[in-house]
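# Fold and geometry: a report
For reference, the chains in residue letters:
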Amino acid sequence: MEVASGGAPGPRRNSIAFWLLGLCNNFAYVVMLSAAKDILEKDAKHIEKPCRPEVTTRECHILSTGSVLLADIIPALIIKMSAPMFIHRVPFGIRHTTVVLLQAASFLIVGISDSTGLALFGVILASFGSGLGEISYLALSSNYPSSVVAAWSSGTGGAGLIGASVYALLTDSKLLAVSPKHTMLIMLTLPVLFSFAYWSILQIPRSIHRAKLFQPSTWIIDGGRTTMSSEAGRISGEEGETLLRHTDSAEGELMLRGEEVSGNSNSMSRIQKALPLLRFMIPLISVYLAEYYINQGLLELMEFDCSHGFSMSSESQYRWFQVTYQLGVFVSRSSSNYLTIPTKHLTTLAILQTFNAVFFTFTAIYSIFPHIFLAFLVIFFEGLLGGASYVNTFRAVHREIPVESREFSMGVVSISDTIGIVFAGFLAMPVHNKICSLPLRYNVI
């Protein structure tokens, strides 16, 4: 096992690294959702139309953007559900390289594709990459103070804001007017930054297994017994505690002062460890179910005419809805160091987001908003709730779960948002089709 030179990881440098890892890992996922309407229109060789002076009918696609959501999330769920069975055998360096290659391939395929089917395949690759990345980097964070969890969460929020904003700015016909195809090819710069963040900025603890390029025997971690370096030192952080651990096992196997613990654990033990995590998982699942049902099932049905929509086309309105949502997510994910929500109030966030989902359903049917600006405000609030739920859930896990189970717990809880999003995708499509079959009604506030 090759170890890093030097002492304990530097808090500021590692926080920067985890911020960038969060940014880059979620960037492709966000861009694919922002490009959802463009992806669905590849077969039609769609040319963006200007805003409509008066909106009297609904313009609906046969496939809702919920289909892009499912392509962008189901592969991630498959990875997160299956990874605990084998991922502890794969070194973090190899995982990271795989994530970067999948992301680059996704941008390239979506960019060069001329059909919706091929573009959706590119979206699937992006999903596999982001899913593998999330479960890997959250597990890796268990080797650092909980401040890196806040940095990761802020980075993922930044991915949403920056990714959605960059796509909207580049493709907006009134701004840079770059084609969606060339915009995707421009995104190929992101995998370079992704690699730099892990290999050049992040200081990896001595206990992390290192794979060597020309030594294939180091590419797989021994699944039997593992030994933690006795030189592992104090990791400075807000808890100010000595964390002596290794991360070769997704179960967070721990050895203190030279005592070895077997890495074998039966499925019953895994279930027993996972059941107490439901108090974190159920609220997070509910929040993501509600918000992605809104984003990928209802927002595309909201269209404002030229005088009430800042003269934006329906495609531009959808993109800027996504930007506004991501702005709310970024603000709340970045504020957890200043405002922490107690674990007992995580359920409140889920209830509020469910109310939002009901409200937006009525909005899509009855066109309640008199102006797009009001829609932006409510969408921003939706993003605040989603971001707050995410970051406070993982900080609660990091704070309340014992160190020997923390890595396993972070990986399990990371499945929650994905499960919620999958449910949202399946719910969004029939609701979208049902609303599309209804006449357009106005019941302005």
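Residues numbered from 1 in each chain as written. Predicted model: local features only at pLDDT ≥ 70, side-chain atom pairs only at ≥ 80, totals over all residues. Heavy atoms only, no water.

### Quick look at the state of the cysteines
Our working rule: Whenever a pair of cysteine sulfur atoms sits within 2.5 Å, that pair is classed as a disulfide. Put simply, DSSP marks the helices as runs of H or I at least four residues long and the strands as runs of E at least two long, and each gets a number from the N terminus on.
Applying the stated criterion to the full structure yields two disulfides. Here Cys51 engages in a disulfide with Cys306; their sulfurs sit 2.0 Å apart. On the sign convention where negative means left-handed, the S-S torsion of about 105° between Cys51 and Cys306 marks this disulfide as right-handed. In this pair, Cys51 is assigned in the loop between α2 (36–40) and α3 (65–82) and Cys306 in the loop between α10 (278–298) and α11 (314–333), connecting sequence segments 255 residues apart. One disulfide in the model links Cys60 with Cys436; its S-S distance is 2.1 Å. One disulfide, between Cys60 and Cys436, carries an S-S torsion of -100° and so falls in the left-handed class. One end of the pair, Cys60, is in the loop between α2 and α3; the other, Cys436, is in helix α15 (residues 415–436), and 376 residues separate them in sequence.

### Considerations on a nonpolar patch on the surface
Here is the rule we go by: Put simply, a patch holds well-exposed residues, over 30% relative accessible area, that have no salt bridge, with like charges counted together within 9 Å and Val, Leu, Ile, Met, Phe, Trp or Tyr side chains within 5 Å. For the area figures, the Shrake-Rupley method with a 1.4 Å probe applies, and any residue is considered shielded solely by the protein chains shown. Salt bridge criterion: a side-chain nitrogen from Lys or Arg within 4 Å of a carboxyl oxygen from Asp or Glu.
Taken together, the side chains of Ile271, Leu275, Leu278 and Ile282 make up a nonpolar region of the molecular surface, amounting to roughly 370 Å² of accessible area. Along the chain, the position of Leu275 falls in the loop between α9 (267–274) and α10.

### Focus: the UniProt feature "transmembrane region" (unreviewed entry) in the protein
Note the following rule: UniProt positions are given in the numbering used here, feature names are shortened, and annotations may be inferred rather than shown by experiment.
If you check UniProt for "transmembrane region" (unreviewed entry), the listed places come out as residues 16–36, 92–112, 118–140, 147–170, 182–202, 346–365, 372–391 and 411–431 in our numbering. A helix fraction of 100% and a strand fraction of 0% characterise residues 118–140, whose end C-alpha atoms lie 33 Å from each other. Between the C-alpha atoms that bound residues 346–365 the distance is 30 Å, and the span itself is 100% helix and 0% strand.

### A few points about α11
How we decide: In this scheme, a helix's expected span is set at 1.5 Å multiplied by one less than its residue total. Categorising residues by exposure relies on relative accessible area from a 1.4 Å probe, with only protein chains included: less than 20% of the type maximum marks a residue as buried, more than 50% marks it as exposed, and the intermediate range marks it as partly exposed.
End to end, α11 covers 29 Å across 20 residues, agreeing with the expected 28 Å (1.5 Å per residue, within 8%). Most of α11 sits inside the fold, with 17 of its 20 residues counted as buried.

### What about the environment of Gln103?
Just so we agree on the cut-off: Whether two residues are in contact is decided by their heavy atoms, any of which lying within 4.5 Å being enough.
Within the element layout of this structure, Gln103 appears in helix α4 (residues 92–112). A relative accessible area of 3% means that Gln103 is categorised as buried. Residues Gln103 and Val123, spaced 20 residues apart in sequence, show a C-alpha to C-alpha distance of 9.3 Å. Excluding residues that lie within four positions of it along the chain, Gln103 makes contacts with Cys24, Asn25, Ala28, Leu190, Pro191 and Phe194.

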